[in-house]
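Structural description and commentary
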Amino acid sequence: MRLEEIRFKNYKAFKSEQKLTIKPVTILIGKNSSGKSAVARLPLLLGRSMSNSSNSPIELQFDSLEFGGSFKDLVHNRIDHGNISFTLIFEDEGNTSELGVTVQNIADSPLQFISSYYIKSDGFKLFLNILIDDYVDSRTAIQSYEVKGNIEGKFSVRFKGLLIDELFDKKGHLFKPSFNLDIFNDKVKEVFSDLDYIGPFRTQPERDYIFKGSIPKTTGYGGELAPHILGIDSYVNKDLIEIVGDWYKENLGGWQLEIENVGTKFQIVLVSPDNSNVKVNLRDVGHGMSQVLPLIVRSAIGTAGMEGLMIIEQPELHLHPAAHGGLAELIVSSIMEEGSNWIIETHSELFILRIRRLIAEGKIPPSDVIIYLIEDEERPGSTLKKITIDEEGEVSDWPRGVFSEDYEEMVAIRKAQKNK
């Protein structure tokens, strides 16, 4: 099963319902504080709620991520008794499945409850609406719902995160519908377990690393595990080191990345393009050299068999503009080879221009790429504006004021020159 679309309403800066279609390359652009990061991280927020780790409907803090101090921070305009709605559209072997949920905040309380819920899958339809008069103010309580669809009547429901855990009939007996909820839940969990993320601020490199006993499955939210993946590769076949090293050499002034083993430890070094005997520890070079490493490693190791998502925020951070295109090309090559989906939040026009060029060159089909401009409006709130790219690399609708700063500055310079 694969996640095709996320719809959300009343979430953060977005009041009206927004639709985020997920393609192999999904790019988010917009001004600061428009809501790009909120959209990029939304699969992580939902993924936690679809896992066995979540007891409450929405968990705001987990691992190294924080989505707010209280549930109210997720609600548009922070309304005390507000709610958030999510709809997830899945593709499952040619069939479409939907899961929709509304989570209600309780004013002056840390508690939330699921006020409405529905599932549509394989001809099965299940709609739940909470019977508020029977509501019990307890996080672990079994709540009463009016149920419609293939099942009718009043049922008690226990949720595990945002998934139905158990249903009970009027007599309190465990109820098993004809539709296998356990199988559906397991498929949803699998989609969100297949999810990786690299944040905008990557962990600074260490001078020395101790070899881990196994190969990490991901690079980590801060990219902190990328060096360990390279360290293990230095003892296996060095294919990964060669890919990463060649990218550095081609895109970062000829500097070649290598691993130097020092006893039980190893170092990541950059070899000078002018003298191969000159090697500089990655910790001692500019931020761009180290900040980009997790992205190159993540792209190089690929995402074979991964039906979830790879999410990256600001891949170009601290990187010279000349390397933005090379980074975009490496990511695209990984996507085309492995067949995975990536959500990329970026401020780089050059990154997008390289994507457009790759489409024009026939290296990626235009149907695999979608751009969303997050337009920030106080009223009625931010919105997602879909921008597509045709086979010639031309965009469907490039709004004014986006990435136009260089042109505007040049016009101002020419005007100032004339006025002297």
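Residues numbered from 1 in each chain as written. Predicted model: local features only at pLDDT ≥ 70, side-chain atom pairs only at ≥ 80, totals over all residues. Heavy atoms only, no water.

1. Topic: a negative patch on the surface
On the surface, D239, E242, D246 and E250 cluster together into a patch of negative charge. With respect to the helices, strands and loops of the structure, E250 is situated in helix α5 (residues 239–251). For E250, a relative accessible area of 69% puts it in the exposed group. (Patch = residues over 30% accessible without salt bridge, like charges linked within 9 Å, V, L, I, M, F, W, Y side chains within 5 Å. Areas by Shrake-Rupley, 256 points an atom, 1.4 Å probe, with all protein chains shown as cover. Salt bridge = Lys/Arg side-chain N within 4 Å of Asp/Glu carboxyl O. Lys, Arg positive; Asp, Glu negative; His and termini not counted. Charge placed at Lys NZ, Arg CZ, Asp CG, Glu CD. Helix = DSSP H or I, 4+ residues; strand = E, 2+ residues; numbered from the N terminus. Buried < 20%, exposed > 50% of the residue type's maximum accessible area, 1.4 Å probe, protein only.)

2. Some words on the confidence of the model for the protein
A residue-level look at the protein finds 92% of positions with pLDDT of 70 or above and a mean pLDDT of 88. Averaged pLDDT values over the elements of the protein bottom out at 69 in helix α10 (residues 405–418) and peak at 97 in strand β2 (residues 18–21). (pLDDT = per-residue confidence, 0-100.)

3. Remarks on the sheet that holds strand β22 (residues 383–387)
Reading across from one edge, β14-β19-β20-β3-β21-β22 is the order of the six strands in this open sheet, with mixed pairing throughout. Of all the strands in the sheet, the pair left with one neighbour each is β14 (195–198) and β22. Direction aside, neighbouring strands of the sheet carry axes that sit 20° apart on average. Sheet analysis places strand β21 (residues 369–375) next to β22, joined by five bridges and oriented antiparallel. Residue E375 lies in a different strand from β22, and its bridge partner there is T383. (Pairing = 2+ DSSP bridges. Axes fitted to C-alpha atoms, helices over the stretch in contact; angles between N-to-C directions.)

4. Considering the pattern of salt bridges
Tallied over the entire structure, the rule returns 19 salt bridges. A salt bridge links E260 to K279; its shortest N-O distance comes to 3.1 Å. Here K279 lies in strand β18 (residues 279–281) and E260 lies in strand β16 (residues 256–262), a separation of 19 residues in the sequence. For E260, a relative accessible area of 27% corresponds to the partly exposed category.

5. Digging into the nonpolar core
In terms of nonpolar packing, the biggest core is built from 67 residues, with F8, Y117, I164 and F192 touching the most fellow members. Residue contributions to this core peak at five residues, all from helix α3 (residues 181–193). Counting residues in each nonpolar core, the second largest holds 50 residues, with M289, I344, I355 and L373 among its members. (Core = buried A, V, L, I, M, F, W, Y, C linked by side-chain atoms within 4.5 Å.)

6. Regarding a nonpolar patch on the surface
A cluster of nonpolar side chains, contributed by I215, Y235 and V236, occupies part of the molecular surface with about 340 Å² of accessible area. Mapped onto the elements, I215 comes out in the loop between β15 (209–210) and α4 (226–236).

7. Observations concerning the pairing of strand β20 (residues 342–345)
What you see with β20 is no split at all: W342 and I344 on one side and I343 and E345 on the other are buried throughout. As paired elements, strand β3 (residues 25–30) and β20 share four bridges and run parallel to each other. By the bridge assignment, V25 is partnered in β20 with W342. Two strands pair when backbone bridges link them, and strand β19 (residues 309–313) and β20 are joined in this way by four bridges, in the parallel orientation. The residue of β20 that forms the bridge with I311 is I343. Crossover handedness for the path β19 to helix α8 (residues 324–338) to β20: right-handed. (Right-handed = clockwise from strand over helix to strand, strands pointing away.)

8. What about the side chain of S290?
Here S290 is to be found in helix α6 (residues 287–291). Taking the relative accessible area as the measure of exposure, S290 reaches 5% and is therefore buried. A polar atom in the side chain of S290 sits 3.1 Å from the backbone oxygen of H287. When neighbours within four sequence positions are excluded, S290 is seen to be in contact with Q204, P205 and L282. (Polar contact = N/O pair within 3.5 Å; in protein donor to acceptor, adjacent residues only side chain to side chain. Contact = heavy atoms within 4.5 Å.)

9. Some points on the environment of G94
Looking at the secondary structure, you find G94 in the loop between β6 (83–92) and β7 (95–105). In sequence terms G94 and Q18 are 76 residues apart; their C-alpha atoms lie 24 Å from each other.

10. Quick look at the packing of aromatic side chains
This model, assessed by the stated rule, comprises 15 aromatic pairs. Taken together, a centroid distance of 6.0 Å and an interplanar angle of 65° make the contact between Y11 and F86 edge-to-face. Of this pair, Y11 sits in the loop between β1 (2–9) and β2 while F86 sits in strand β6, and the two are 75 residues apart along the sequence. Judged by relative accessible area, which is 0%, Y11 ranks as buried. You can call F86 buried: its relative accessible area is 2%. In textbook terms, an aromatic cluster arises when at least three aromatic residues are bridged by ring pairs, as seen for F8, Y11, F14 and F86. (Phe/Tyr/Trp six-rings, centres within 6.5 Å; stacked < 30°, edge-to-face > 60°.)

11. Structural notes on the environment of R283
Mapped onto the elements, R283 comes out in the loop between β18 and α6. Here R283 is in contact with P205, E206 and R207, once residues within four sequence places are set aside. A distance of 2.7 Å separates a polar side-chain atom of R283 from the backbone oxygen of P205.

12. Focus on the sheet that holds β6
The antiparallel open sheet is built from 10 strands, whose spatial order is β2-β1-β6-β7-β8-β9-β10-β11-β12-β13. Strands at the two margins of the open sheet, each flanked by one partner only, are β2 and β13 (174–175). Note: β1 against β6, seven bridges, orientation antiparallel. Pairing of R2 across the sheet is with E91, part of β6. In the packing of helix α2 (residues 42–49) onto the sheet, contacts are made with β1, β6, β11 (153–160) and β12 (163–168), and the angle to β1 comes to roughly 100°. Against the sheet, α3 contacts β1, β6, β7, β8 (112–121) and β12, and its axis sits at roughly 165° relative to β12.

13. Brief notes about the environment of I268
Residue placement: I268 occurs in strand β17 (residues 265–271). C-alpha of I268 to C-alpha of E392: the two residues are 124 residues apart in sequence and 41 Å apart in space. Once residues lying within four places of it in the same chain are set aside, the contact partners of I268 are Y209, P227, L257, E258, I259, V280, N281, L282 and L293.

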